[in-house]
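# Breakdown of the fold
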Amino acid sequence: MDISERPLSLGVFCGFASGPSARYAEAATALGAGLAARGHRLVYGAGGVGLMGAVARGASAGGAPILGVIPEFLRAKEMGDDLPPQEIVLTDDLLERKRVMIDRSDAFIALPGGYGTLDEVLEVVSMAALGQDVGPIVLLDVDDDWRSLIEYVEELGRRGFVRDASILRLAATPEQALDMVAPAGALAGAAPGGRVMS
Ligand code: AMP
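Residues numbered from 1 in each chain as written. Predicted model: local features only at pLDDT ≥ 70, side-chain atom pairs only at ≥ 80, totals over all residues. Heavy atoms only, no water.

## Re the side chain of His 40
Filter applied, for reference: The helix count covers DSSP runs of H or I at least four residues long, the strand count covers runs of E at least two residues long, and both are numbered beginning at the N terminus. Contact definition: two residues touch when any of their heavy atoms are within 4.5 Å.
Mapping His 40 onto the fold places it in the loop between helix H1 (22–37) and strand E2 (41–44). Beyond its immediate sequence surroundings of up to four residues, His 40 is in contact with Pro 7, Leu 8, Leu 10, Leu 35, Ala 64, Pro 65, Leu 178 and Ala 182.

## Section: the pairing of strand E3 (residues 66–71)
The test is simple: Only protein chains enter the calculation, and the probe is 1.4 Å; a residue is then buried if its accessible area is under 20% of its type maximum, exposed if over 50%, and partly exposed in between. Paired strands, as defined in this entry, are two strands with at least two bridges between them according to DSSP. With the strands aimed away from the viewer, a crossover counts as right-handed if its path from the first strand over the helix to the second runs clockwise.
Of all the 6 residues making up E3, 6 are buried; the element is thus mostly covered by neighbouring parts of the structure. Because side chains alternate across E3, one face comprises the buried residues Ile 66, Gly 68 and Ile 70, and the other comprises Leu 67, Val 69 and Pro 71, equally buried. Bridge count between E2 and E3: 3 bridges; the pairing is parallel. Paired with Tyr 44 across the strands is Gly 68, a residue of E3. Since E2 and E3 lie parallel, the crossover through helix H2 (residues 50–61) that links them has a hand, and here it is right-handed. Where E3 and strand E4 (residues 87–91) come together, 5 bridges link them in parallel fashion. Along E4, the bridge assignment pairs Gly 68 with Ile 88.

## Regarding H1
Short version of the rule: In this analysis, the expected span of each helix is defined as 1.5 Å times one less than the number of residues it contains.
The end-to-end C-alpha distance of H1 is 22 Å, a good match for the 22 Å that 16 residues give at a rise of 1.5 Å each. Among all positions of H1, only Tyr 24, Ala 27, Ala 28, Leu 31, Gly 32, Gly 34, Leu 35 and Ala 36 are buried. Buried residues along H1 sit in contact with strand E1 (9–13), E2, H2, strand E5 (107–110), strand E6 (137–140) and helix H7 (174–181). After H1 finishes, the residue Gly 39 shows a positive phi value of roughly 80 degrees.

## With respect to the pairing of E2
Alternating residues of E2 divide into Arg 41 and Val 43 and Leu 42 and Tyr 44, and every residue in both groups is buried. Handedness of the crossover joining E1 and E2 through H1: right-handed.

## Quick word on the packing of helix H4 (residues 94–103) against helix H5 (residues 115–129)
To keep things clear, this is the line we draw: As a rule, the C-alpha atoms of each element are fitted with a line to give its axis, helices using only the stretch in contact, and angles between N-to-C directions run from 0 to 180 degrees. Under this scheme an angle from 65 to 115 degrees is roughly perpendicular, one under 35 degrees roughly parallel, and one over 145 degrees roughly antiparallel; angles in between are oblique. Left-handed describes a crossing whose near helix is turned anticlockwise from the far helix through less than a right angle; right-handed describes the clockwise counterpart.
With their axes 11 Å apart at the nearest point, H4 and H5 run at an angle of 55 degrees to one another. Classed by the angle they form, the pair H4 and H5 counts as oblique. Classified by chirality, the crossing of H5 by H4 is right-handed. In this structure, H4 uses Arg 97, Lys 98, Arg 99, Met 101 and Ile 102 to contact H5, whose residues at the interface are Asp 119, Glu 120, Glu 123, Val 124 and Met 127.

## Describing the packing of aromatic side chains
Counted only if it meets this: Side-chain rings of Phe, Tyr and Trp (the six-membered ring for Trp) are treated as a pair once their centres are within 6.5 Å; stacked means planes under 30 degrees apart, edge-to-face means over 60, and tilted covers the remaining angles. A positively charged side chain is recorded as over a ring if its NZ (Lys) or CZ (Arg) lies within 6 Å of the ring centre. The angle to the ring normal must also be within 35 degrees.
Under the defined criterion, the tally for this structure stands at 1 aromatic pair. A ring pair is formed by Phe 13 and Phe 108, whose centres lie 5.4 Å apart and whose planes are at 15 degrees; its orientation type is stacked. Here the residue Phe 13 occupies a position in strand E1, and Phe 108 occupies one in strand E5, the gap between them amounting to 95 residues. What makes Phe 13 buried here is its relative accessible area of 2%. Owing to a relative accessible area of 1%, Phe 108 belongs among the buried residues under this scheme. Over the face of the ring belonging to Phe 16 we find Lys 77, whose NZ or CZ atom lies 4.7 Å from the ring centre.

## A word on the layout of surface pockets
We apply this condition: A 1.4 Å probe that fits but cannot get out identifies a cavity on a 1 Å grid over protein atoms alone, an open set with protein on both sides within 12 Å along at least five of seven lines counts as a pocket, and a residue lines either if it has an atom within 4 Å of a point. Grid points are joined across faces, edges and corners, and a volume is the space filled by probe spheres set on the points. Note on residue categories: nonpolar means Ala, Val, Leu, Ile, Met, Phe, Trp, Tyr, Cys or Pro, charged means Asp, Glu, Lys or Arg, and polar means any other residue, Gly included.
As a volume, the largest pocket reaches approximately 430 Å³. If you go around the largest pocket, you meet 18 residues; those closest to its centre are Val 125, Ser 126, Ala 129, Val 162 and Asp 164. Of all elements in the fold, only H5 and helix H6 (147–158) reach the threshold of two or more residues within the lining of the largest pocket. Considering each element in turn, the lining of the largest pocket owes the most residues, 5 residues, to H5. When grouped by side-chain class, the residues that make up the lining of the largest pocket number 14 nonpolar, 2 polar and 2 charged. Roughly 370 Å³ of internal volume is contained in the second largest pocket. Around the second largest pocket sit 27 residues that line it, and Cys 14, Phe 16, Gly 116, Thr 117 and Glu 120 are the ones nearest its centre. When residues of the lining of the second largest pocket are traced back to their parent elements, those giving at least two are E1, H2, H4 and H5. Split by residue class, the lining of the second largest pocket holds 14 nonpolar, 8 polar and 5 charged.

In structure tokens:
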């Protein structure tokens, strides 16, 4: 298939937990449904619970192809009993999981999460800061979740430790996040390697 015709592979980072209110799972489900409606493929951590499960169920209900990447040792803990149908890549460890997710994604959206989500976000941001073409990276807020990280990065910019504080971009809704990673018609201009030019 010509790369301009294949679906955009959207890497979604998010928490294993469900968050403090139902709004978090609703946003995750809406993100999954929205990416499916736009014809994208979901690349994620193969979780069946928490926000990971909600994204996957939204994507699956909308008919999106799903690639789940998970280390063998987390299968029992994170897949759960309600995992939507998906292609699974089993990895040896967390580092390989991250590598596979990054390699197989054209762009990234991060919902709120914990250490794992932060680690994944900072990995792609530091790659982008060093000039590697990882594609757009968007943080999706549900309830002001990413504000303190954005402010911290801006402060690092003022102190000269961070050169480009604008790599991380913030979206207020799933639809806005999807617009930011792939504006309508952008796929027609996909670059070699499948990255969407911003
Ligand atoms: P959390 O944001 O901590 O809820 O974790 C979200 C997902 O990231 C879970 O599937 C974790 O297993 C996973 N995770 C945690 N640490 C890492 C890491 N260093 N690299 C890749 N995935 C991780």
